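Descriptive analysis of the structure
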Amino acid sequence: MYINQIYELSMILDNVKFQKVLNRAYSKVDYLDKDGEECIDPSLETKGIIVIYRGSKYKKKIRLIVNTGLTLDCDKPDPDKIARKLEKRIGEYFDHRYQMEDFALSRMILSTDIDVRKRESVSTYLRVFRRIGKVKGFSPFDYDCFDDIDNFCLEGNSNGVEFLLYNMEDYIARKYRDFGSERKKLKRMLKESEGILRVEVRLTKPKAIRDYTDAVEVRGQIMELSEKCQDVFMDIFTRIIPYGDYYKKNKAVEIIRSEIADSVLRRKMLRLVTLIPEKKSLYLALKTMNCRNIEKVMKEFAKINVSPVTISKRQEGKCLKNIYEYLLG
């Protein structure tokens, strides 16, 4: 599984120093894109770095958005190589007046694409995932940028983590709908994104980043997080998406009755399957059950490869393949 990594590095400067750096940026490029209080320098974009200057009244901040897939131009990121290239490019950009260690790692995005083969399958999976609703530590969240895009998005209540799962073809169509003369390129991109579920795990606060790395310096943090990016991604993904194939409720009940011999465990599993659509939330269903050993119940679902989240009666199709088979297959 290939996971693309995007890091945000931030540095706060006083007004004089900020203005000097901004003036130097203007002198090196023909223009800076302006977006409200922000000026964006795309001169390093082909090398995987976008520089953003935010000169608000109260805080002068420089942010670097680093896309490691473009930085290395390969699908097998090398943590040490990422750090070395970043150090070199940041130093050169700022004429060695500022280095990577002058920045703080403020944000990380891990993303991967799940190919479920068909456009219809993308929408079907998303409809099932939305039945998960709220999970422990997360609540459903609407992003303005996904207004016209089929999605299932959650925001951490206080943990600084966001989880986004969306239709990649819809996203491409909206983002590049004004492609103008490049219609052929857009058509190719839409074709390539057909049947793709894009998943993003975002660590949006330093405290969320510290949960996954003990390193203090930026170089060490990036190297450690890059090395274990799959573990970080899966830790959050498995908290939200239960393991197993997806069935209509009656079929799920039938399988549980035939596969689970322990009557107490079987009763708990059947109750959970009933409660999730009633409560419209996995978290509220588990809370209602008030089961001390819910981990054992969830493990039993995984053992028989049945998800406690079922397919709606109104939805076409009687069975959906376990999403983990696509993700890890």
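Quick caveat: nothing in here was measured; it's all calculated off a predicted structure.

It is worth spelling out the nonpolar core at this point. Counting 93 residues, the largest nonpolar core has Tyr53, Ile62, Phe163, Ile241 and Ile323 as its most contacted members. When neighbours within four sequence positions are excluded, isoleucine 323 is seen to be in contact with Ile114, Val116, Tyr125, Phe129, Leu197, Phe237, Ile241 and Tyr246. Within the second largest apolar cluster, 11 residues are counted, among which are Cys153, Ile172, Leu186 and Ile196.

Attention now goes to the sheet that holds strand S7 (residues 138–140). Strand order in this open sheet of 10 strands is S2-S3-S4-S5-S1-S6-S10-S9-S8-S7, and the pairing throughout is antiparallel. Unpaired on one side and paired on the other, strand S2 (33–35) and S7 mark the two borders of the sheet. Taken over all neighbouring pairs, the strand axes of this sheet differ in orientation by 20 degrees on average, direction set aside. In the sheet, strand S1 (residues 4–13) pairs with strand S6 (residues 104–115) via seven bridges, with the strands oriented antiparallel. By the bridge assignment, leucine 9 is partnered in S6 with leucine 105. Across the sheet, helix H1 (residues 15–28) touches S1, S2, strand S3 (38–41), strand S4 (49–55) and strand S5 (60–67), and the angle it forms with S4 is around 135 degrees. Strands in contact with helix H5 (residues 168–175) are strand S9 (161–167) and strand S10 (196–203); relative to S9, the strand with the most contacts, it is inclined by about 85 degrees.

Its volume calculated, the largest pocket comes out at about 1,500 Å³. Taken together, 34 residues line the largest pocket, and the ones lying closest to its centre are Ile6, Asn67, Tyr171, Lys175 and Glu200. Where the lining of the largest pocket is concerned, the elements lending two or more residues are S1, S4, S5, helix H2 (68–72), S6, H5 and S10. Among the elements that take part in the lining of the largest pocket, S6 stands out by supplying six residues, more than any other. Here the lining of the largest pocket is built from residues that sort into 19 nonpolar, six polar and nine charged. Estimated volume of the second largest pocket: approximately 540 Å³. The wall of the second largest pocket is formed by 21 residues, among which Arg239, Leu282, Leu286, Ile294 and Met298 lie closest to the centre. For the lining of the second largest pocket, the secondary-structure elements that each account for two or more residues are helix H9 (229–240), helix H12 (282–289) and helix H13 (294–303).

For the pair H5 and helix H6 (residues 183–193), interaxial distance at closest approach is 8 Å and the crossing angle is 165 degrees. By the angle between their directions, the pair H5 and H6 is classed as roughly antiparallel. In the crossing of H5 with H6, the sense of the turn from one axis to the other is right-handed. Along its contact with H5, which presents Met168, Glu169, Ile172 and Ala173, the element H6 presents Leu186, Met189, Leu190 and Ser193. Residue composition of the contact of H5 with H6, grouped by class: six nonpolar, one polar and one charged.

Attention shifts here to the pattern of salt bridges. Applying the stated criterion across every chain, the model contains 21 salt bridges. With a closest N to O distance of 4.0 Å, aspartate 148 and arginine 174 form a salt bridge. Of this pair, aspartate 148 sits in the loop between S7 and strand S8 (151–156) while arginine 174 sits in helix H5, and the two are 26 residues apart along the sequence. Given the relative accessible area of 25%, arginine 174 is considered partly exposed. A salt bridge links arginine 188 to glutamate 192, with the nearest nitrogen and oxygen atoms 3.3 Å apart. Here glutamate 192 and arginine 188 lie together in helix H6, a separation of four residues that amounts to about one turn. Glutamate 192 gets classed as exposed once you look at its relative accessible area, which sits at 54%.

The next point concerns the pairing of S3. Bridge analysis of S2 against S3 gives three bridges, and the strand direction is antiparallel. The residue bridging lysine 34 from the neighbouring strand is cysteine 39, located in S3. In the sheet, S3 pairs with S4 via four bridges, with the strands oriented antiparallel. Residue cysteine 39 lies in a different strand from S4, and its bridge partner there is tyrosine 53.

Cut-offs applied
- Residues numbered from 1 in each chain as written.
- Predicted model: local features only at pLDDT ≥ 70, side-chain atom pairs only at ≥ 80, totals over all residues.
- Heavy atoms only, no water.
- Core = buried A, V, L, I, M, F, W, Y, C linked by side-chain atoms within 4.5 Å.
- Buried < 20%, exposed > 50% of the residue type's maximum accessible area, 1.4 Å probe, protein only.
- Contact = heavy atoms within 4.5 Å.
- Pairing = 2+ DSSP bridges.
- Helix = DSSP H or I, 4+ residues; strand = E, 2+ residues; numbered from the N terminus.
- Axes fitted to C-alpha atoms, helices over the stretch in contact; angles between N-to-C directions.
- 1 Å grid on protein atoms, 1.4 Å probe; cavity = no way out; pocket = protein on both sides within 12 Å on 5 of 7 lines; lining within 4 Å.
- Points joined across faces, edges and corners; volume = space filled by probe spheres on them.
- Nonpolar A, V, L, I, M, F, W, Y, C, P; charged D, E, K, R; others polar.
- Parallel < 35°, antiparallel > 145°, perpendicular 65-115°, else oblique.
- Left-handed = near helix turned anticlockwise from the far one by under 90°.
- Salt bridge = Lys/Arg side-chain N within 4 Å of Asp/Glu carboxyl O.

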